[in-house]
Amino acid sequence: MAGSASDQIIIQLLERYKEGTLSPDEEAIFFQWYQQAGWEEFSRLWAHCKTFPEGGIRQSPEMPTLLKERLERAINSFENSDDQTPYFSEEAWNYSAARKTGLDQRRIGFLIAGVAAAVMMILAGGGYWWMHRQSPAPAIAATKAIDIAAPTTSRATITLAGGQKVFLDSVGSGTVAVQGDVTVIKRADGQVVYNGSAQQGQRQAQAQGQAQGQGQGQAPGALIGYNTLSNPRGSKPVSLTLSDGTNVWLNNESSLTYPAAFVGKERKVMITGEAYFEVSKNAAMPFIVTKGETTITVLGTDLNVNAYADETNLKVTLLEGSVKVTRGDASDLLRPGQQAQIGKSIKVVSDVDVDEVMAWKNDKFIFGEKANIETIMNQIARWYDIDVEYRKKVNVHFGGSISRQVNVSKLLEKLEMTGDVHFKIEGKKVIVMP
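This structure is a prediction, so every number in the text was calculated from the model and none was measured.

**Student:** It is not clear to me how the overall build of the protein chain should be interpreted in this structure. Could you clarify?
**Tutor:** Scanning the protein chain for helices and strands turns up 11 helices and 25 strands. Here the protein chain holds 434 residues, and the buried ones make up 47% of them. Excluding contacts between residues fewer than 6 apart, the proportion of contacts in the protein chain whose partners are at least 24 apart in sequence is 54%. In the form shown here, the protein chain has an accessible surface area of approximately 20400 Å², with 48% of it arising from carbon and sulfur atoms.

**Student:** Would you take a moment to explain the packing of aromatic side chains for this structure?
**Tutor:** What describes a pair of aromatic rings is the distance from one ring centre to the other and the angle between the planes of the rings. Across all of its chains, the model carries 6 aromatic pairs by this definition. Three or more aromatic residues link up through ring pairs in this structure, and these residues are F262, F277 and F287. In this structure, R382 packs its charged tip against the face of Y308, placed 3.6 Å from the ring centre.

**Student:** Looking at this structure, how should I read helix α10 (residues 373–384)?
**Tutor:** Helical periodicity: at 3.6 residues per turn, an α-helix aligns residues three or four positions apart in one direction. Compared with an ideal rise of 1.5 Å per residue, which puts 12 residues at 16 Å, α10 spans 16 Å between its outermost C-alpha atoms and is within 8% of the ideal. When you tally the buried positions in α10, you get 9 out of 12 residues, the bulk of the element. Looking only at α10, the buried set comprises I373, I376, M377, N378, I380, A381, R382, W383 and Y384. On its buried face, α10 sits against β21 (364–372), β22 (387–390), β23 (397–403), α11 (408–416), β24 (422–426) and β25 (429–433). Capping the start of α10 is the job of one residue whose side-chain oxygen sits 3.2 Å from the backbone nitrogen of E374: N372. D385 lies just past α10 and shows a positive phi near 55°.

**Student:** Please explain the pattern of salt bridges as it appears in this structure.
**Tutor:** Think of it this way: side chains of opposite charge can pair up when their charged atoms draw near. Tallying each qualifying case throughout the model produces 11 salt bridges. For R382, the salt bridge goes to E253, with nearest N and O atoms at 3.7 Å. With R382 in helix α10 and E253 in the loop between β10 (247–250) and β11 (254–259), this pair connects stretches of sequence that are 129 residues apart. The salt bridge involving R382 is made with D310; its shortest N-O contact spans 2.7 Å. With R382 in helix α10 and D310 in the loop between β15 (302–307) and β16 (314–320), the pair connects residues that are 72 residues apart, well separated along the chain. When salt bridges with common partners are traced through the structure, they connect R233, E253, D310, E311 and R382 into a single cluster.

**Student:** Explain the side chain of Q179 here, please?
**Tutor:** Counting through the fold element by element, Q179 comes out in strand β5 (residues 174–179). A distance of 3.3 Å separates a polar side-chain atom of Q179 from the backbone nitrogen of A161.

**Student:** For this particular structure, what's the right way to read the pairing of strand β20 (residues 346–349)?
**Tutor:** Both faces of the sheet carry side chains from a regular strand, because those side chains alternate between them. Pairing geometry for strand β19 (residues 339–342) and β20, over 4 bridges, is antiparallel. Bridge assignment links A340 to a residue of β20, and that residue is V348. Linking two consecutive strands that pair antiparallel, namely β19 and β20, is a turn of 3 residues.

**Student:** Just to check I follow, could you spell out the pairing of β15 for this structure?
**Tutor:** β15 sits mainly inside the fold: 6 of its 6 residues count as buried. Every second residue of β15 is oriented toward a common face, with D302, N304 and N306 on one face and L303, V305 and A307 on the other, all of them buried. Where strand β12 (residues 267–278) lies against β15, 6 bridges are found, and the strand directions are antiparallel. What sits directly across from G273, in β15, is A307. Where β15 lies against β16, 5 bridges are found, and the strand directions are antiparallel. Across the sheet, residue D302 finds its bridge partner in β16, namely E320.

Parameters and conventions
Residues numbered from 1 in each chain as written. Predicted model: local features only at pLDDT ≥ 70, side-chain atom pairs only at ≥ 80, totals over all residues. Heavy atoms only, no water. Helix = DSSP H or I, 4+ residues; strand = E, 2+ residues; numbered from the N terminus. Buried < 20%, exposed > 50% of the residue type's maximum accessible area, 1.4 Å probe, protein only. Contact = heavy atoms within 4.5 Å. Areas by Shrake-Rupley, 256 points an atom, 1.4 Å probe, with all protein chains shown as cover. Phe/Tyr/Trp six-rings, centres within 6.5 Å; stacked < 30°, edge-to-face > 60°. Lys NZ or Arg CZ within 6 Å of the ring centre and 35° of its normal. Expected span 1.5 Å × (residues − 1). Polar contact = N/O pair within 3.5 Å; in protein donor to acceptor, adjacent residues only side chain to side chain. Salt bridge = Lys/Arg side-chain N within 4 Å of Asp/Glu carboxyl O. Pairing = 2+ DSSP bridges.

The structure is reproduced here in structure tokens:
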């Protein structure tokens, strides 16, 4: 029997493929392995699989026709042999439809040139993982004397213009505050909505200005003022509808400062951490997001802003519309699918993996194949509200996806399957070791 952990995984995938029960993620990983597999490896593992369903293999969008033909030939050679000994030779294996069309095996392999030979599958956890390395390593369970569950509620707070705090997890649905002519409502699903128009805010500010001129009131805008929505570590994302109809989703360890009602010629908000915006269109009053020296100007668009202090760069990812990103004297325009990475300068990257960027909003962890351990642990620390200690440097890139609803030990176990990182949980601290 094949003994390594990766052998067992591929055998299970072969069996699932025969049964027609592979998920789309599992199919993608299976075909990545198959495209790289040599005849010896394929025949060794297929020997542990007995029968194949009538009707041949299913055509998958992940699998080119030439590869389907090659796999079907190999399978038929096993199915037609009484003793399960292949008569389909290694030469015939290599002579595939790729040869006939003038597309040699190197072209097939190039389809997955960036993927290393080790592929580790989460067969029961709703996700998959892989790592850049030369050979697979056995799985090692994470030490978990005390486990840490994923957050189940949002512990966000609103700080009103006068300094009063509204703790959203302890107030019921309905009106939670009144800011001038604007009513702040918490819906049954936890969403916060500001009901009030810019016109109402403008009238309020004008009335205050008149009162100030008569020495009878506060400065313009003082009554409406700025509110701040804060979402701490270990808290589910919170959604907010601003008075102009703009929808905002705020990730954990993040805050958004905004006026209760927008007045003047622009709609300006300030961010820390990460937020996703669906901006209400108003060409006469552009929507502006600021973080330090960086300004993001939009007219109506969908974008994600990652401005965590522990990240190397501030990242603005555009999903729809157009935005102008400015820092100092530098500026750039973004198109959908592009990301501005802002440090001392602005770098625009195209063909960004939007699913990875938006994973937090979709209740997932998705790490691209170039994600380092620091990037991964930063996300884990914010979500589970833990501290991270590094005993030694881990110079390996990881990739994969998993639900954000699993306990932290489950997530760490999946990372440990690579064999190049290990963890120890001590209370609310996770120790990272090579």
